[in-house]
Amino acid sequence: MTPAQDNSRCVSICQLFFDYSTPKILVIRSKKVGAINRITQALVIAYIIGYVCVWEKGYQDTDSILSSVTTKVKGIAVTNTFDLGLRIWDVADYIIPPQEESSFFVLTNLIVTQNQTQKHCAEIPSVASICSSDKNCKAGFRGPRSKGVRTGRCVNFNHTVKTCEVLAWCPLERDDEPPNPPMLADAENFTVLVKNNIRFPKFNFKKRNILPQINSSYLKHCVFNRSTDPECPIFRLKDMVEEAEEDFQTMAVHGGVMEVQIRWDCDLDMPGSWCVPRYNFRRLDNKDPTNTVSPGYNFRFAKYYKEGDNEETRTLIKGYGIRFDIMVFGQAGKFYIVSTLLNIGAGLALLGLVTVVCDLIVLTFMTKRNHYREQKYSYVDDCFDSGRINRPP
Amino acid sequence: MTPAQDNSRCVSICQLFFDYSTPKILVIRSKKVGAINRITQALVIAYIIGYVCVWEKGYQDTDSILSSVTTKVKGIAVTNTFDLGLRIWDVADYIIPPQEESSFFVLTNLIVTQNQTQKHCAEIPSVASICSSDKNCKAGFRGPRSKGVRTGRCVNFNHTVKTCEVLAWCPLERDDEPPNPPMLADAENFTVLVKNNIRFPKFNFKKRNILPQINSSYLKHCVFNRSTDPECPIFRLKDMVEEAEEDFQTMAVHGGVMEVQIRWDCDLDMPGSWCVPRYNFRRLDNKDPTNTVSPGYNFRFAKYYKEGDNEETRTLIKGYGIRFDIMVFGQAGKFYIVSTLLNIGAGLALLGLVTVVCDLIVLTFMTKRNHYREQKYSYVDDCFDSGRINRPP
Amino acid sequence: MTPAQDNSRCVSICQLFFDYSTPKILVIRSKKVGAINRITQALVIAYIIGYVCVWEKGYQDTDSILSSVTTKVKGIAVTNTFDLGLRIWDVADYIIPPQEESSFFVLTNLIVTQNQTQKHCAEIPSVASICSSDKNCKAGFRGPRSKGVRTGRCVNFNHTVKTCEVLAWCPLERDDEPPNPPMLADAENFTVLVKNNIRFPKFNFKKRNILPQINSSYLKHCVFNRSTDPECPIFRLKDMVEEAEEDFQTMAVHGGVMEVQIRWDCDLDMPGSWCVPRYNFRRLDNKDPTNTVSPGYNFRFAKYYKEGDNEETRTLIKGYGIRFDIMVFGQAGKFYIVSTLLNIGAGLALLGLVTVVCDLIVLTFMTKRNHYREQKYSYVDDCFDSGRINRPP
């Protein structure tokens, strides 16, 4: 009786449900083949364990960070200039705006134009503004760089030169190079306390960058130093800039943008106290020498006053300074069974590929390849009889 | 002798270590089956190469962008109103606050209330505030929309109407519709220079949106234009708003929020110069006509003055304007051997599924299915003899 | 004739292209084995359907959120202090800076130092500042906590005590504890309207947190309440703080940072109206009792005035308050054929692993294991004859 008949009968007896199909395996017992096989397997397993499990921590579930940052700058600067005289600058003077979210700006250099009022005055001499008669000055015209609207008259800027008259905040700001050395050179000694609270919601883990072991007395005097005080959350501006391999005084002249990077990479399978922030500092705006188009960082702002006669005057300040953007990165990992299984599964699947590789080698390059082929493959052709070849008689 | 005995002996001889097990394969030689098989394989391979490798760039390692943005607005506006007179507005006047991180606000319209001082005055007439006697005005009461605290007295607002008296910054702001056309209509010609420095840390790749080929002289006069100047980082406010298919003057009346999107999608296997920013503009706050609840964007701020008699006065400004949020997106990819292998592996695994599909077809729909089944499957039952069927006698 | 010869000939006839190789399968018909097999399969399938498809929504393509936030605070506070007298505080007074991106600060408590001018005065007595003679006061010295630069003279602070003289903004700020109860205790009744517009670009889906069914009249009076008004986008500050399980008045004294979380989790296979924001509130800065180093949140800012004699004076304000950071999270999912196929594929691959597990059980623990092994495995040894063992004679 043929197996076919066997089948039909058997199916009717024990229901298909209990069929368990497993592939038929040919076991080749050869030192060469075996060795190749085991080595490839070893490699794959090594990869899985080494890379996936240990390096990538594949057995962990990960969570990304939630963080809040507040900053507090301390320090005093003294300036002594002709138009301002001897002057003290404190936090309220040089932090603009007084509070920001995870970012703060420190004024390091400035061009001040005092007692501006809205009236008519002669433009600063330039190719565009110098005129000989009113005809040169188109009324209502405003150039891209001009600070006011032309009245159409050509007036004396001084005894020698005539320029177009404008309606503007007069006297006009002299938009020349900022003072060098910078006016608030003292800013390099300012310190900033960065308070950073983080949370990994998935693991309900909270921490702050003021670590438990830090006590108040230490915080009162400490200053961050990578080697001596790596945990102190108070930073000297100069140190931060120098960590980014920049010179503070140079940077202070035209200003710039600094990144304060706080990195929390926490393995929560380890004690929580091992989860500490790492600080890095980098200059964000590149001071590309070939392209000197408006280098550094500056902006204009004004303080508004009213004279007795109710006329509004203002002090215009072109402020150069360093903006510190505080960026908090981080990830936490904790053992999680699902992730573990997923990675093991993927690993086993990868192991399956080993057979493919080995077969290739065994059946193509080995001397006994034909012998192995015979064993591995059986053939069935459309021509029925030849299909029977390796079925039992 | 039975294979079982063979095993036991052989195991003892050549150790299990060198066993290499490979599945036994039945090769069916039939045009139909073969065709089906190859076609499915072709499809899968096409998918892997086409989608994974080419489209998704599966052979690349990717890195996300780090970026810093600074902005600088230029331009002058002229207003001529009854209470302010002819007035010039420059950057220091219309950018509030003077500096922000990756965002800037341009004042386009305003309601000014000058010379406010802390004293008593009559509320603006409204259903809630009109009164006939003190009884109508509860002392200490403050409504959700009222601008001060009631003193409990009912006073003349003018000859005809009496309203409750409040302690507040008087005169009270008349909270009516903003001027239309907007006061700073000139704002449409303001230009903003956006400086964006990006970094792909993993590949240590830095770039800025002021591309190397842009020289200072070009930057001095250029204005972004999608067709003529797509690389100029200076944008005219009106252009940005129109790119978002909005009308500037309409938007300027009530204000709004615009998104300036800078997208860096860089294939670092290509020359770095191919990695350029793409700019897009979109309105973020939807001006939904059905819901006119406080449309647009506005906020109140004040300038504080002191009169000679040391009394504090302020000018209250309800400022309407457009806030531009600059959002930098981007990703970089570079060839990475691990990613490549991973994708190839996944592909091969997918190829394995082909067999599943083909078997289904071959063993269910083909005419010769029974014949093939016989070849593919051999059966072993719990009843021992029938278990022997296709073992050699 | 040997199969080997068969091969060679057949290859020459029907070309390799049409070879279809499928593994030879051994079907074991045994209740035990079958049951084990089916159960494991059931588990895997359950996992795929349950976890991947239903829970993780594996059949969906996901997109992350783009969002813009604007806020508007309303409310009035009254203070009555010795140096300020009876005073009204409105939005322009207590929101600093007047506008921020997705964040706002509400002043709740303050220490005011009025009429500061740049001149010389005696330091506030402290261990560091008290002196007996000029020798104790090094000229030009500025301590980390000192508010000015020492002139080198030792002067009377009052009749009893002498302190070093400093050049600073005088009178100096008395940096003592903030008032308790907080000055702007009324702030608890301030309300804030949060306008949040979101977009899922991939699905071109837009929505705002002012839901369509909310009409203007409702918005005028409603206040968010988790149970009664869960859709009202107007929040009472006190409610927000209490949702975070904090006491407003306590928090207001030293200030703090609050997170306003808006979560949009949208299944876009469902009607869009089901996609609604969920609000959560949490305190971000931890008020950790063990570490009282500069708790809460405060900063200094100043209002600048000019007296008639053109001398600049300022009012220094140390402002304590609550900063509300609005964070918008969210994800949208929509059916996507590619994702679906990918997950099914992965599922099938996983099913493959079932065989591995079952084989393990069947061939190691079952009583009939040897019998099954004989069927599953055939062996070929390097010694040819023994290689022939289970080939037909």
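These numbers come from a predicted model, not from an experiment.

J.: Please clarify how the overall build of chain A should be interpreted in this entry.
T.: Assigned secondary structure in chain A consists of nine helices and 17 strands. In terms of overall size, chain A is more extended than a compact globule, its C-alpha atoms giving a radius of gyration of 39 Å where 393 residues would be expected to give roughly 21 Å. Counting only C-alpha atoms, chain A reaches 125 × 65 × 45 Å along its principal axes. Looking at chain A as a whole, 52% of its 393 residues qualify as buried.

J.: Looking at this model, I keep getting lost on the pairing of strand 2 (residues 25-29) of chain B. Mind explaining?
T.: Within a regular strand, the side chains alternate between the two sheet faces. Of all five residues making up strand 2 of chain B, five are buried, and the element is well covered by its neighbours. The side-chain alternation of strand 2 of chain B yields two buried faces, one formed by Ile25(B), Val27(B) and Arg29(B) and the other by Leu26(B) and Ile28(B). In this structure, strand 17 (residues 377-381) of chain A lies alongside strand 2 of chain B, joined through five bridges in parallel fashion. Among the inter-strand pairings, Ser378(A) is bridged to a residue of strand 2 of chain B, identified as Leu26(B).

J.: Would you explain the UniProt feature "binding site: ATP" (unreviewed entry) in chain A in this entry?
T.: In the numbering used here, UniProt assigns the feature "binding site: ATP" (unreviewed entry) to Lys72(A), Val73(A), Lys74(A), Thr191(A), Asn298(A), Phe299(A), Arg300(A) and Lys318(A). These annotated residues cover 247 residues of sequence, and their C-alpha atoms sit far apart, with the largest distance between any two at 24.5 Å. For Asn298(A), the location among the structural elements is in strand 15 (residues 298-306). Taking relative accessible area as the criterion, Asn298(A) reaches 10% and is therefore assigned buried. For Asn298(A), the contacting residues outside a window of four places in its chain are Lys318(A), Gly319(A), Tyr320(A) and Lys72(B). Here the side chain of Asn298(A) touches Lys72(B) through a polar contact of 2.2 Å, side chain to side chain.

J.: Explanation requested: the UniProt feature "glycosylation site" (unreviewed entry) in chain A in the structure shown.
T.: Taken from the UniProt record, the annotation "glycosylation site" (unreviewed entry) applies to Asn189(A). Looking at the element boundaries, Asn189(A) is found in the loop between strand 9 (162-170) and strand 10 (191-200).

J.: When you look at the packing of aromatic side chains in this model, what are you seeing that I'm missing?
T.: Note on aromatic pairs: each is described by the distance of the centres and the angle between the planes. Across all of its chains, the model carries 42 aromatic pairs over all chains by this definition. The interplanar angle of 45° and the centroid separation of 5.0 Å between the aromatic rings of Phe224(A) and Phe235(A) together place this pair among those described as tilted. With Phe224(A) in the loop between helix 4 (216-221) and strand 12 (234-236) and Phe235(A) in strand 12, the pair connects residues that are eleven residues apart, well separated along the chain. For the pair Phe224(A) and Phe235(A), one class covers both residues: buried. Taken together through their ring pairs, the aromatic side chains of Phe105(A), Tyr297(A), Phe299(A) and Phe301(A) make up a single cluster. It is Lys376(C) that lies over the ring of Tyr377(C); its NZ or CZ is 5.8 Å from the centre.

J.: It is not clear to me how empty space enclosed by the protein should be interpreted in this structure. Could you clarify?
T.: The probe, sized like a water molecule, is rolled over the atoms to show the empty space still left. Inspection of every chain in the model, using the stated rule, returns ten cavities of 30 Å³ or more. As a volume, the largest cavity reaches approximately 1000 Å³. If you trace the largest cavity, you find 39 residues lining it, with Ala302(A), Pro98(B), Ala302(B), Pro98(C) and Ala302(C) closest to the centre. Among the elements of the structure, strand 6 (85-89), helix 3 (91-94) and strand 15 of chain A, helix 3 (91-94) and strand 15 (298-306) of chain B together with helix 3 (91-94) and strand 15 (298-306) of chain C are those that each provide at least two residues to the lining of the largest cavity. Of the residues assigned to the lining of the largest cavity, the class counts are 30 nonpolar, no polar and nine charged.

Calculation criteria
- Residues numbered from 1 in each chain as written.
- Chains lettered and ligands numbered in written order.
- Predicted model: local features only at pLDDT ≥ 70, side-chain atom pairs only at ≥ 80, totals over all residues.
- Heavy atoms only, no water.
- Helix = DSSP H or I, 4+ residues; strand = E, 2+ residues; numbered from the N terminus.
- Rg over C-alpha atoms; globule rule 2.2 N^0.38 Å.
- Buried < 20%, exposed > 50% of the residue type's maximum accessible area, 1.4 Å probe, protein only.
- Pairing = 2+ DSSP bridges.
- UniProt positions renumbered as here; feature names shortened; annotations may be inferred.
- Contact = heavy atoms within 4.5 Å.
- Polar contact = N/O pair within 3.5 Å; in protein donor to acceptor, adjacent residues only side chain to side chain.
- Phe/Tyr/Trp six-rings, centres within 6.5 Å; stacked < 30°, edge-to-face > 60°.
- Lys NZ or Arg CZ within 6 Å of the ring centre and 35° of its normal.
- 1 Å grid on protein atoms, 1.4 Å probe; cavity = no way out; pocket = protein on both sides within 12 Å on 5 of 7 lines; lining within 4 Å.
- Points joined across faces, edges and corners; volume = space filled by probe spheres on them.
- Nonpolar A, V, L, I, M, F, W, Y, C, P; charged D, E, K, R; others polar.

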